[in-house]
Amino acid sequence: MSMREKIEEAASRYPDQRSAIMPALLIAQKERGHLPGAVLEEVADILGVERIWVYELATFYTLFHTEPVGIFHLQLCDNISCMLRRSEDLLRHLEEVLGIKKGGTTPDGLFTLSTVECLGACEMAPVMQVGDDYHGDLDIAQIDALLDRLRTTMRQATGAGLAAAGPPGE
């Protein structure tokens, strides 16, 4: 099934095509990896909605990526609960061990590091989302262990010829 067909099928569940923008963006991002301007325009055209409506949603929500991201997108919460529990220290550590700054992607394309305003998981502060998974009550040792697990997952996937399928959970 083509991306267009998937979007049209998802949109058929909504009485107003504007309500189908978020599901359509999720489909497009899954198909294309990220949402550059041409893809946003294509989604708007498929739905028959104003392009600005699609652009507004794609740039407002942190789950949408208008630029390419690494295979593993590390999204560290920097809201007050996480900040009080030292998320800034975790960010500095991640920048150091990955050799990139916030907003950057490692040269091998494995990791992109971002901060997000809130992940809605204050009870787990500090918390980081990787793909669809939340990791909470983090400290530096747990961050290092998580990075090691993600690298191992990728090595195993590459060894099995599965790297093109993306990380588990996505």
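Since the structure is predicted, the reported quantities are computational estimates derived from the model, not experimental observations. Counting of residues starts from 1 at the beginning of each chain's written sequence and follows it residue by residue. Predicted model: local features are reported for residues with pLDDT of at least 70 only, side-chain atom pairs are reported and counted for 80 or more only, and whole-chain, interface and lining totals are derived from all residues. Water and hydrogen atoms were dropped before computing side-chain values, which therefore reflect all heavy atoms in the structure.

1. So, the confidence of the model for the protein chain
At step 1: How sure the predictor is of each residue is captured by pLDDT, a score from 0 to 100. Per-residue confidence for the protein chain gives a mean pLDDT of 92; residues scoring 70 or more make up 94%.
At step 2: Confidence drops under pLDDT 50 across residues 162–170; counting only partners more than four residues distant or on other chains, this segment forms twelve contacts. In this description, contact between two residues means that some pair of their heavy atoms is separated by no more than 4.5 Å.

2. Some words on the nonpolar core
At step 1: What is meant by a nonpolar core is a set of buried Ala, Val, Leu, Ile, Met, Phe, Trp, Tyr and Cys residues, joined one to another through side-chain atoms within 4.5 Å. Only protein chains enter the accessibility calculation, which uses a 1.4 Å probe; a residue is then buried when its area is under 20% of its type maximum, exposed when over 50%, and partly exposed in between. The biggest cluster of nonpolar side chains holds 21 residues, and the ones touching the most others in it are I7, L25, L35, V43, L47 and V54.
At step 2: Elements are defined by DSSP. Helices are runs of H or I of four residues or more, strands are runs of E of two residues or more, and each kind is numbered from the N terminus. At the level of elements, α1 (3–11), α2 (21–32), α3 (37–47) and α4 (51–60) are the ones that each hand at least two residues to this core.
At step 3: For this core, the element with the most residues is α3, which contributes six residues.
At step 4: Among residues more than four places away in sequence, those in contact with V54 are I21, L25, L40, V43, A44 and V49.
At step 5: Formed by 19 residues, the second largest nonpolar core is a distinct cluster that contains L90, L113, L147 and L150.

3. Quick word on α3
At step 1: The complete set of buried residues in α3 reads V39, L40, V43, A44, I46 and L47. Down the axis of α3, the buried set is contained in an arc of 165°. They therefore lie on one face.
At step 2: In this structure, the buried residues of α3 make contact with α1, α2 and α4. Working note: the arc is built from the helix axis to C-beta atom directions.

4. Quick notes on the sheet that holds strand β1 (residues 72–77)
At step 1: Between any two strands, at least two bridges found by DSSP are needed for them to pair. One open sheet accounts for four strands, arranged β2-β1-β3-β4; its pairing is mixed. Looking at strand neighbours, the two that pair on one side only are β2 (111–116) and β4 (133–135), the edges of this open sheet. Ignoring which end each strand starts from, the neighbouring axes of this sheet average 25° apart.
At step 2: Pairing of β1 with β2, which is carried by six bridges, proceeds in the parallel orientation. Across the sheet, C77 pairs through a bridge with V116, a residue of β2.
At step 3: Against the sheet, helix α6 (residues 87–98) engages β1, β2 and β3 (128–130), with an angle of about 155° to β1. Angles shown run from 0 to 180 degrees and are taken between the N-to-C directions of axes, each axis being a line fitted to C-alpha atoms and, for helices, limited to the stretch in contact.

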